[in-house]
Amino acid sequence: MDGTETQKPGDEAPPGTPGSGENLCRRCGGSGKIGAETCPDCSGTGKVTTGVGGG
């Protein structure tokens, strides 16, 4: 992380949060697009920050 990443609507946590990691966006399947439009959950990156599994 270079400190310039911002939280996207589909993120469960801000980038760099302990216990989280980068994952493919479930809404667009990692393509960054839904049809011809930019995916609103990942802001077109195809990636979101989600919690990492644990007990």
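This structure is a prediction, so every number in the text was calculated from the model and none was measured.

Before we go on, may I ask you to explain the overall build of the chain in this structure?
Counting its secondary structure elements, the chain contains zero helices and four strands. Secondary structure elements of the chain, listed N to C terminal, follow the sequence β-β-β-β. Counting only residues that meet the buried cut, the chain has 25% of its 55 residues in that class. Of all intrachain contacts in the chain linking residues separated by at least 6 positions in sequence, the fraction that spans at least 24 positions is 49%. Put simply, the chain shows about 3700 Å² of open surface, and 49% of that area lies on carbon and sulfur atoms.

Even after reading the chapter, I still don't get the nonpolar core, so can you show me in this structure?
Buried together is how nonpolar side chains tend to be arranged in soluble globular proteins. Residues Cys25, Cys28, Cys39, Cys42 and Val48 constitute the largest nonpolar core, which totals five residues. Apart from the residues within four sequence positions on either side, Val48 is in contact with Lys8, Gly10, Asp11, Gly21, Glu22, Asn23, Leu24, Cys25, Asp41 and Cys42.

Would you explain the side chain of Ser20 in this entry?
By the element assignment, Ser20 lies in strand β1 (residues 20-24). Side-chain polar atoms of Ser20 contact the backbone oxygen of Thr17, separated by 2.5 Å. Those residues in contact with Ser20, other than ones at most four positions away along the chain, are Ala13, Pro14, Thr49, Thr50, Gly51 and Val52.

What should I look at first to understand the pattern of salt bridges in this one?
Opposite charge on two side chains allows them to pair when their charged atoms are near. Summed over the entire model, instances satisfying the criterion amount to three salt bridges. Between Lys8 and Asp11 there is a salt bridge; the shortest N-O distance is 3.8 Å. Of the two residues, Lys8 and Asp11, both sit in the buried class. Arg27 is the partner of Asp41 in a salt bridge, and the nearest nitrogen-oxygen pair spans 3.2 Å. A residue pair is termed long-range when its members are at least 10 positions apart, and Asp41 in the loop between β3 (37-38) and β4 (47-51) and Arg27 in the loop between β1 and β2 (33-34) qualify at 14 residues. For Asp41, a relative accessible area of 24% gives the class partly exposed.

About the criteria used
- Residues numbered from 1 in each chain as written.
- Predicted model: local features only at pLDDT ≥ 70, side-chain atom pairs only at ≥ 80, totals over all residues.
- Heavy atoms only, no water.
- Helix = DSSP H or I, 4+ residues; strand = E, 2+ residues; numbered from the N terminus.
- Buried < 20%, exposed > 50% of the residue type's maximum accessible area, 1.4 Å probe, protein only.
- Contact = heavy atoms within 4.5 Å.
- Areas by Shrake-Rupley, 256 points an atom, 1.4 Å probe, with all protein chains shown as cover.
- Core = buried A, V, L, I, M, F, W, Y, C linked by side-chain atoms within 4.5 Å.
- Polar contact = N/O pair within 3.5 Å; in protein donor to acceptor, adjacent residues only side chain to side chain.
- Salt bridge = Lys/Arg side-chain N within 4 Å of Asp/Glu carboxyl O.

All quantities given are derived from atomic positions and should not be read as evidence of function.
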